[in-house]
Amino acid sequence: MRYVRGLFASLFVFSIATVGASPSAAAADAPVGQMTWAVHVSLAPTWFDPAETSGIITPFMVLYALHDAVVKPLPGSTMTPSLAESWSTSPDGLVYEFVLRKTARFHNGDPVTAEDVKYSFERYRGASAKPLKDSVAAIETPDPGRVRFRLKRAWPDFMTFYVGATGASWIVPKKYVEKVGDEGFKKAPIGAGPYRFVSFTPGVELVVEAFEQYWRKTPNVKRLALKSIPDEATRLASLKRGEVDIAYAIRGALAEEIRRSPGLTLKPNIGQATFWVNFPDQWDPKSPWHDRRVRLAANYAIDRQAMNQADSLGFSKITWSIVPSSFEFYWQPPGYSYDPAKTKKLLTEAGYPKGFDAGDYFCDAAIAYVGEPVVNYLNSAGIRVRLRPIERVAFFRGWSEKKFKGPIQGGSGAFGNAATRIEAFVAAGGAYVYGSYADIDGLFLEQAGELDPKRREATLHRIQQLIHDKAMIAPIWLNAGLGGFGPRVEESGIGLISGYAFSAPYEDVKLKAK
């Protein structure tokens, strides 16, 4: 043990920080009032459990309230010490050690320990679980306040996957979960976040209440309510009537109405959610999508600029990639003009002068506002598709289980870098990958073990170039979330965390003083 302690005395410490002041360090005003959100999706109990995080951003809408992570994105940094007050790595990149915060407590009063961190990692079964777990040789808990990960090989993306691309660093109480079981935990979750669970009415509302012993700070607002209101016009009406304080996903003409309404504020937020059209049938030799010319035709059929102006008032960014332009290792692809004549020419060359029936166009029902114009453009070009919106949890489950045949509207706002997006949506074995290409898979394996950042960047750029050259997808845009908030709100929390689509940290949201 002396040797181990000596080793870590010489480690390069990536970050040692405490965010904000703990309640014990400074007197805090008691939380007051209730803030209510109108959310655009049906909340699902699966999002109450970090172990099932699906590789999209939506579950974090709940995780940021109920739970806390060893390290997580907070204002100012995408890797902020949270339940861990510090972390360090060995010079050879094979060992990561986290020192836990002594003041961190679960909502039942139990301290957050190294055993909870180890258990949460081993229990994690969500998106990207395989590459993350395959990288770890052992997890050690030398004492209740320290946890040590030993990797099988140096992996430059360990923290990126552990902190951003998965939910594995979000911690649950081992003793409680073992007592109540997975289903019992979803019915009455206990976490270490700034808010404790109060009630959940399926399809209607989640209510949480301030946990005043939260280590970072005492929350400003006593009670938060997340109301599921899938219809956009109804969300806006609820905001205008003062029934909710914040409304997500208000688009187009309705967003303009927020701008015109006294007392309401429009809040655009360009995060890291990219949307694109997936062509899973491109690996079927009998499918029209197997022909690259058909996939190119679809790209030239879509007028993204017109869609952007009509839908998001021009706030979205057209980046031509599944990788957000803010991510490390992003490569800027060439764009596609809106060119119906070129679409027609390509389809004719591919043997479809009169177009073809492409079946269903599957999309997340909450993002059908993007799917509708895309479907209209494809139909106008002769690529005949039918919009098939599916509720979010079922949509991502069906996609990951490879149940959809036909175009799929992809989307992800998860944290990470170019490699994490490619792993989930492009490379062999990814959570949402129907098929892959040998050259891309080979390069992806090559970059995963490359410790030289420049060489790794070149490889990841080459992968993104191949995605473009093969016309694997039809990129749409980097989404600008348009939301609104009412006159009671002093701090909405939207945009506080760079790249994050929703309100957070919840302990920072605030109502105006009366």
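Owing to the predicted nature of the structure, the values given are computational and were not obtained by experimental measurement.

(A) Seen up close, the overall build of the protein chain. Along the backbone of the protein chain there are 16 helices and 19 strands. Taken against the 2.2 N^0.38 rule, which gives 24 Å for 514 residues, the C-alpha radius of gyration of the protein chain at 23 Å falls within 12% of a compact globule. Counting every position in the protein chain, which comprises 514 residues, the buried fraction comes to 60%. In the structure as shown, the protein chain presents an accessible area of about 19,900 Å², 53% of it carried by carbon and sulfur atoms. In the protein chain, the 62 positive side-chain charges and the 53 negative ones have mean positions that sit 1 Å from each other.

(B) Region of the structure containing the side chain of Arg 295. Along the chain, Arg 295 turns up in helix H9 (residues 292-301). For Arg 295, which is buried and forms no salt bridge, the nearest opposite charge comes from Asp 291, at a distance of 6.6 Å. When sequence neighbours within four positions are dropped, the list of residues in contact with Arg 295 reads Phe 279, Gln 282, Trp 289, His 290, Tyr 437, Lys 470, Ala 471 and Met 472.

(C) Empty space enclosed by the protein, seen in detail. Per the counting criterion, the structure on display carries 5 cavities of 30 Å³ or more. Its volume calculated, the largest cavity comes out at about 420 Å³. Together, 31 residues line the largest cavity, and His 40, Ala 273, Phe 275, Ile 367 and Asn 479 are the ones closest to its centre. Put simply, the parts of the chain that give the lining of the largest cavity at least two residues each are strand E13 (265-278), helix H13 (392-400), strand E16 (408-412) and strand E17 (473-485). Classifying every residue of the lining of the largest cavity by side-chain character gives 15 nonpolar, 12 polar and 4 charged. In this structure, the second largest cavity is lined by 14 residues; those nearest its centre are Trp 320, Ser 321, Gln 464, Ile 467 and His 468. Elements represented by at least two residues in the lining of the second largest cavity include exactly helix H16 (453-469) and E17. The biggest single contributor to the lining of the second largest cavity is H16, with 3 residues. Its residues placed into classes, the lining of the second largest cavity shows 11 nonpolar, 3 polar and no charged.

(D) Local environment of the packing of helix H3 (residues 114-123) against helix H6 (residues 174-187). One way to put it is that H3 packs onto H6 with a least axis distance of 11 Å and a crossing angle of 30°. When the axis of H3 is compared with that of H6, the two are roughly parallel. Our pair here, H3 against H6, has a crossing hand that is right-handed. Touching Glu 115, Asp 116, Tyr 119 and Arg 123 of H3 are Lys 174, Val 177, Glu 178, Asp 182 and Phe 185, all from H6.

(E) Looking closely at the environment of Cys 363. Along the chain, Cys 363 falls in strand E14 (residues 356-364). Looking at Cys 363, the relative accessible area reads 0%, which means it is buried. Distance in space between the C-alpha atoms of Cys 363 and Gly 411 is 9.2 Å, their sequence separation being 48 residues. Discounting residues that sit within four places of it in the chain, Cys 363 has contacts with Ala 368, Leu 387, Arg 388, Pro 389, Ile 390, Phe 395 and Gln 409.

(F) Looking closely at the pattern of salt bridges. Per the stated rule, a full pass over the model turns up 40 salt bridges. For Lys 405, the salt bridge identified is with Asp 284, shortest N-O distance 3.7 Å. Of this pair, Lys 405 sits in the loop between H13 and E16 while Asp 284 sits in the loop between E13 and H9; the two residues are 121 residues apart in sequence, bridging distant segments of the chain. Judged by relative accessible area, which is 56%, Lys 405 ranks as exposed. Asp 291 is paired through a salt bridge with Arg 293; the nearest N and O atoms lie 2.8 Å apart. According to the relative accessible area criterion, Arg 293 is partly exposed, its value standing at 32%.

(G) Expanded view of the packing of aromatic side chains. Applying the stated criterion across every chain, the model contains 38 aromatic pairs. A centroid spacing of 5.6 Å and a plane angle of 85° characterise the contact between Trp 37 and Tyr 506, whose relative ring orientation is edge-to-face. Pair noted here: Trp 37 is in strand E2 (residues 32-39) and Tyr 506 is in the loop between strand E18 (489-491) and strand E19 (510-511), with a separation of 469 residues, a long-range link. Note on accessibility: Trp 37 and Tyr 506 belong to one class, buried.

(H) Main features of H3. A large share of H3 lies buried, amounting to 7 of its 10 residues. Listed in full, the buried residues belonging to H3 are Ala 114, Asp 116, Val 117, Tyr 119, Ser 120, Phe 121 and Arg 123. Against the buried residues of H3 lie strand E6 (95-100), helix H4 (129-134), strand E7 (136-143), strand E8 (146-151), helix H5 (158-165) and H6.

(I) The arrangement of the side chain of Thr 459 in detail. With respect to the secondary-structure elements, Thr 459 resides in helix H16. Take Thr 459: its relative accessible area is 9%, and that puts it in the buried class. Once residues within four sequence positions are removed from consideration, Thr 459 is found in contact with Leu 443, Glu 446 and Gln 447.

(J) Representation of the packing of H9 against helix H11 (residues 340-349). Across the interface, H9 lies against H11 with an axial gap of 8 Å and an inter-helix angle of 165°. It follows that H9 is roughly antiparallel to H11 by the angle criterion. For the crossing formed where H9 meets H11, the hand is left-handed. Contacts between H9 and H11 involve Arg 293, Val 294, Leu 296, Ala 297, Tyr 300 and Ala 301 on the former and, on the latter, Pro 340, Lys 342, Thr 343, Leu 346, Leu 347 and Glu 349. Tallied by class, the residues present in the contact of H9 with H11 amount to 8 nonpolar, 1 polar and 3 charged.

Cut-off values and rules
- Residues numbered from 1 in each chain as written.
- Predicted model: local features only at pLDDT ≥ 70, side-chain atom pairs only at ≥ 80, totals over all residues.
- Heavy atoms only, no water.
- Helix = DSSP H or I, 4+ residues; strand = E, 2+ residues; numbered from the N terminus.
- Rg over C-alpha atoms; globule rule 2.2 N^0.38 Å.
- Buried < 20%, exposed > 50% of the residue type's maximum accessible area, 1.4 Å probe, protein only.
- Areas by Shrake-Rupley, 256 points an atom, 1.4 Å probe, with all protein chains shown as cover.
- Lys, Arg positive; Asp, Glu negative; His and termini not counted.
- Charge placed at Lys NZ, Arg CZ, Asp CG, Glu CD.
- Salt bridge = Lys/Arg side-chain N within 4 Å of Asp/Glu carboxyl O.
- Contact = heavy atoms within 4.5 Å.
- 1 Å grid on protein atoms, 1.4 Å probe; cavity = no way out; pocket = protein on both sides within 12 Å on 5 of 7 lines; lining within 4 Å.
- Points joined across faces, edges and corners; volume = space filled by probe spheres on them.
- Nonpolar A, V, L, I, M, F, W, Y, C, P; charged D, E, K, R; others polar.
- Axes fitted to C-alpha atoms, helices over the stretch in contact; angles between N-to-C directions.
- Parallel < 35°, antiparallel > 145°, perpendicular 65-115°, else oblique.
- Left-handed = near helix turned anticlockwise from the far one by under 90°.
- Phe/Tyr/Trp six-rings, centres within 6.5 Å; stacked < 30°, edge-to-face > 60°.

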